[in-house]
Amino acid sequence: LSKQQNIQITQLSEAALLVSLESKINPAINANINAIRKSLEEAHLKGVHELVPSYSSLAVFYKPNEITAKNLIAEIETIIDNSLLAKEFPTKEDILTLPVCYTDEFAPDMERVMKHTGFTKEEIIKRHSEGEYRVYQLGFLPGFPFLGGMDKAISCPRKKIPALKIAGGSVGIGGAQTGIYPLQSPGGWNIIGRCPLKLFRPDNTIAPFLLSMGQLVRFKKISIDQFRVTKTSLL
Amino acid sequence: MKASVNRAGIQATIQDFGRYGHRDKGMPIVGALDKPSMMLANWLVGNQLQAPVLEIPMQGISLMFESACQLGIAGATANVELNEEMVNTAKTITVNSGDELVIGDFLSGFRLYMSITGGFKGQEFLGSFSTDLVAGVGGLGRPLKKDDKLESAQPKQQLILNREKPEHLIQKLDIDRPIRIIPGPEYDLLDHYSSRRLTNQEYSIGSASNRMGIRLVGEQSLNTEPHEELISSPVLPGIIQLPPSGQPVILLNDGQTIGGYARIAKVAEMDMPYLAQQAISKSINFVEIDITTAERGWLHQQKRLKWLFEKE
C-alpha cells in the first residue's frame, strides 16, 4: 500500500501518531484509511488502545510506557506495506437505508439551498434521496456521520452564523456533504429534512451508535405520516 | 451516605478517568481535567484512585449530609466550612448526619475535586461514570443542580481513615509559570511573526471557556501563510487550534474528536493538570519544548505519581 500512496506517519502528541494519506475528501482515500484501520485493529499492536479515523488520516493512540513512537511507526509501516489497497467496497446488501421526511416543517433551510442551487424543492429532494453515500468519518457530535457522495449540484455552503438549535435527526447539507444531527445541538449545516431513526441511542448501552465509518447509506423519502409511524414504533 | 445539594455551583459534574475507546464514533473522552488532584482526593478517603469524584469549577457548592461519611478535597483551594467552622482540607474530612458543608470562593486554582468514600453514584455509560454534557450521558447526565441527592456508590461505611496530603502530592497553584507546548501538525502554516507571537505574547483565558475548550485572548491575532483548505482530521485534548479569528483555542476533554482548524501546537501532557487550574481571565504564557522532552517529562510525571501513591 505504501508504495502506491503517499503515506506519512507523524507524532500527533506524546501518546498519539497520525497516519496521513493525501489530504483530500475522496472515497478511495477514505476507503484506504478504513483498510489501514482494519489491518491495525487485527494486528493488536502492543500499547495501542484506540484508533480514530477521519477523511484522509488516522490517529493511533498508544501508551508510551509500553511502546516508543519510533518502534510503533516501524511496526505500522510494516503492516501497511503488507496490507492491500481497499479494493473491496461493500456490496449492495451492505447499504443501509435511512428514511428521511423532507416536509417543510423539518426543512428550515430548504429555501436557502433552492436559492443557492437554482433548483426546485422537488429537484433537491430527488437528487438528495437518489444518491448513494459513504460514512467518511464520525465526529462533531457522538454518532454524527459526515456522508460523502452527494450530487455536487445540490452543494450549499454552511451558514456563516450557525443556528442555535437544530433538532435531533435533522438532515443537513454542509458544502458538498450531507450529515445527520444525532442530538439537538447548535450547527451550521442547511437543514432540509429529518430522519426518524436514532443515530445515537444512549439507552442502548451495548450498541449506542447506528453507523460506523465506511458504512454505505442511501436515503428514502417518506411522508410525515410515515415519519410519525416510524418514530412511534421506535418508542 | 446521602447528601442534598443546597448550592450547586456552576457546571459541577461527576467525573472519573474518562470514557475511552469510542472516539471513532465522535464520543469525546471527557473525564477529570486535573487527574493528579482527582487521585489525591480519592486517596484521602482510601478509594481507588479513579473512583468517580465531583469536579467543581469556578466557585464552591454546599451540601447537607443525611448520613455520616468521609470526604477528600483537592485541586483548587477554598475556605471550607463544616457547620460554620473551618475544616482542614489537607486531611480526610469526616462528616456526620445533619452536617452542612460549605465550600467558599476559591483562593487559588479553578477546579476543586471532592471525593466520597466508595465514590459518587452515577450512571455508567460505555465503561465510564464521567458526565458527557453534550450527549447527556454518564454521572448525572447533566451538571449538579440544587436539591439533587448525592449518594455513595458503596454506601457501606468502610474503615475510618485519617490521612493527610503528602506535601509533594499537592499541586502548587499559586506559582505562575509558563505552559509548555510542542509544535502541532500544522505549526508550519503559521507565518513568521505568528509562530514567535504564540510564545512571546501573553494570553488570557477567555470567558467563554469551558470543558470543551479554553478560548485564548491575545492582543494580536495569529495568521497563517496562504495554504490549501484544511479538511478535518483527528484532534485531542491539549491541541491548540487556530480558527479564522486568529485567537487560538485549546481543546479540552469534552471537545470534538476531529476538527478542521489548523493544529498549530499542543500543550505538553504533563502541563494539562496545571492548565486545568487556570481561572477565567487569568494571564498565561507559553514556552516551546520538543516532543522528546515532553514525552520524557510526562512518563516521569506518571511514574512519580504512581510511586508516590503506592508509597503512601
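The paragraphs below set out a description of the structure included in this document. In this text the structure is predicted, and so the values were computed from the model without any measurement.

1. Digging into the overall build of chain A
Across its full length, chain A carries five helices and 13 strands. The C-alpha radius of gyration of chain A comes to 19 Å, within 12% of the 18 Å expected for a compact globule of 235 residues. Across its three principal directions, the C-alpha atoms of chain A cover 55 × 40 × 40 Å. For chain A, restricting intrachain contacts to residue pairs at least 6 apart in sequence, the fraction spanning at least 24 positions comes to 63%.

2. Comments concerning the pattern of salt bridges
Counting across every chain of the model gives 23 salt bridges over all chains. The salt bridge partner of K266 of chain B is E14 of chain A, with a shortest N-O separation of 2.9 Å. Pair noted here: K266 of chain B is in strand β17 (residues 262–267) and E14 of chain A is in the loop between β1 (8–13) and β2 (16–20), and the two residues belong to different chains. Note that R37 of chain A is salt-bridged to D24 of chain B, the shortest N-O span being 3.5 Å. Of the two residues, R37 of chain A sits in helix α1 (residues 27–43) while D24 of chain B sits in the loop between β2 (13–15) and α1 (35–44), which places them in two different chains. In this structure, R37 of chain A and D24 of chain B share a single accessibility class: buried.

3. What about the nonpolar core?
Residues and elements named next belong to chain B. Judged by nonpolar contacts, the single largest core of 40 residues is most densely connected at I264, L275 and F286. Of all elements in the fold, only α1, β10 (179–183), β11 (203–205), β12 (213–218), β14 (239–242), β17, α3 (272–276) and α4 (291–311) reach the threshold of two or more residues within this core. Residue contributions to this core peak at six residues, all from α1. Discounting residues that sit within four places of it in the chain, I264 has contacts with P183, G184, E186, Y187, L190, L198, L222, I240 and L242.

4. Overview of the packing of aromatic side chains
All names here are of chain A. Considering all chains together, one arrives at 13 aromatic pairs over all chains under this definition. Measuring from centroid to centroid gives 5.1 Å for F144 and Y181, while their planes differ by 85°, and the two rings are edge-to-face. Of the two residues, F144 sits in the loop between β6 (132–138) and β7 (145–148) while Y181 sits in the loop between β10 (177–180) and β11 (185–187), which places them 37 residues apart along the sequence. Overall, the relative accessible area of 1% leaves F144 in the buried class. Accessibility expressed as a relative area gives 0% for Y181, which makes it buried.

5. Some points on the sheet that holds strand β18 (residues 283–284) of chain B
Strand pairing within a sheet occurs via backbone hydrogen bonds; the two strands may be parallel or antiparallel. Residue and element names in this part refer to chain B. A sheet is described by the order of its strands in space; here eight strands give the open sequence β18-β11-β12-β15-β14-β17-β10-β19, paired in mixed fashion. The strands lining the two open edges of the sheet, one partner per strand, are β18 and β19 (286–288). Against the sheet, helix α2 (residues 192–200) makes contact with β10, β11, β17 and β19, and its axis sits at roughly 125° relative to β19, the strand it touches most.

6. Description of the interface of chain A and chain B
It is common to give the size of an interface as the accessible area lost on bringing the parts into contact. The partner chain B presents 34 residues to the 42 residues of chain A that form the contact. Roughly 3000 Å² is buried in total at the junction of chain A and chain B, and carbon and sulfur atoms are behind 67% of that figure. Looking only at chain A, the three residues that lose the most surface to chain B are L12, E14 and E50 of chain A, adding up to 22% of its buried area. Seen at the junction of chain A and chain B, the total is three salt bridges. On the surface where chain A and chain B come into contact, there are ten residue pairs in polar contact (both at pLDDT 80 or more). Sorting the residues of the side of chain A that touches chain B by element identifies β1, β3 (48–53), β4 (57–62) and β6 of chain A as the ones contributing at least two each. Among the residues forming the side of chain A that touches chain B, the class breakdown is 25 nonpolar, 13 polar and four charged.

7. A short note on the side chain of D132 of chain B
All names here are of chain B. With respect to the element layout, D132 can be found in the loop between β8 (100–116) and β9 (149–151). Although D132 is buried, it makes no salt bridge; R19 carries the closest opposite charge, 4.6 Å away. Side-chain polar atoms of D132 contact the backbone nitrogen of V134, separated by 3.1 Å. Apart from residues lying up to four places away in sequence, D132 is in contact with R19, M27, P28, V30 and V137.

8. With respect to the packing of helix α3 (residues 110–117) of chain A against helix α4 (residues 121–130) of chain A
Residues and elements named next belong to chain A. As a packed pair, α3 and α4 sit with axes 10 Å apart at the nearest point and diverge in direction by 95°. Judged by the angle between their axes, α3 and α4 are roughly perpendicular. Only K121, I124 and I125 of α4 make contact with α3, whose side of the interface consists of M110, V113, M114 and T117. Class assignment of the residues belonging to the contact of α3 with α4 gives a composition of five nonpolar, one polar and one charged.

9. Concerning the environment of E164 of chain B
Residues and elements named next belong to chain B. In this structure, E164 sits in the loop between β9 and β10. Distance in space between the C-alpha atoms of E164 and D147 is 31 Å, their sequence separation being 17 residues. In this structure, E164 is in contact with W43, L44, A90 and K91, ignoring residues within four places of it in sequence.

10. Some thoughts on the sheet that holds β1 of chain A
All names here are of chain A. Sheet architecture is open: four strands sit in the order β1-β2-β4-β3, paired in antiparallel fashion. Looking at the sheet topology across the chains shown, the edges are occupied by β1 and β3. Averaged over neighbouring strand pairs, the angle between their axes works out to 25° when direction is ignored. Bridge count between β3 and β4: five bridges; the pairing is antiparallel. Each residue of the ladder has a partner; that of L51, found in β4, is V60. Contacts from α1 reach β2, β3 and β4 within the one sheet, and its direction differs from that of β4 by about 20°. The strands touched by helix α2 (residues 69–82) are β1, β2, β3 and β4; relative to β2, the strand with the most contacts, the crossing angle is about 30°.

11. Observations concerning α2 of chain B
Residues and elements named next belong to chain B. Within α2, the full set of buried residues consists of S194, S195, R197 and L198. Take α2 and look down its axis: the buried residues cluster within an arc of 160°, on one side only. Those residues of α2 that are exposed and aimed more than 90 degrees away from the buried face are Y193 and N200. Tucked inside the fold, the buried residues of α2 contact β10, β11, β17 and β19.

Conventions we followed
- Residues numbered from 1 in each chain as written.
- Chains lettered and ligands numbered in written order.
- Predicted model: local features only at pLDDT ≥ 70, side-chain atom pairs only at ≥ 80, totals over all residues.
- Heavy atoms only, no water.
- Helix = DSSP H or I, 4+ residues; strand = E, 2+ residues; numbered from the N terminus.
- Rg over C-alpha atoms; globule rule 2.2 N^0.38 Å.
- Contact = heavy atoms within 4.5 Å.
- Salt bridge = Lys/Arg side-chain N within 4 Å of Asp/Glu carboxyl O.
- Buried < 20%, exposed > 50% of the residue type's maximum accessible area, 1.4 Å probe, protein only.
- Core = buried A, V, L, I, M, F, W, Y, C linked by side-chain atoms within 4.5 Å.
- Phe/Tyr/Trp six-rings, centres within 6.5 Å; stacked < 30°, edge-to-face > 60°.
- Pairing = 2+ DSSP bridges.
- Axes fitted to C-alpha atoms, helices over the stretch in contact; angles between N-to-C directions.
- Buried area = accessible area lost by both parts, 1.4 Å probe.
- Polar contact = N/O pair within 3.5 Å; in protein donor to acceptor, adjacent residues only side chain to side chain.
- Nonpolar A, V, L, I, M, F, W, Y, C, P; charged D, E, K, R; others polar.
- Lys, Arg positive; Asp, Glu negative; His and termini not counted.
- Parallel < 35°, antiparallel > 145°, perpendicular 65-115°, else oblique.
- Arc of directions from axis to C-beta.

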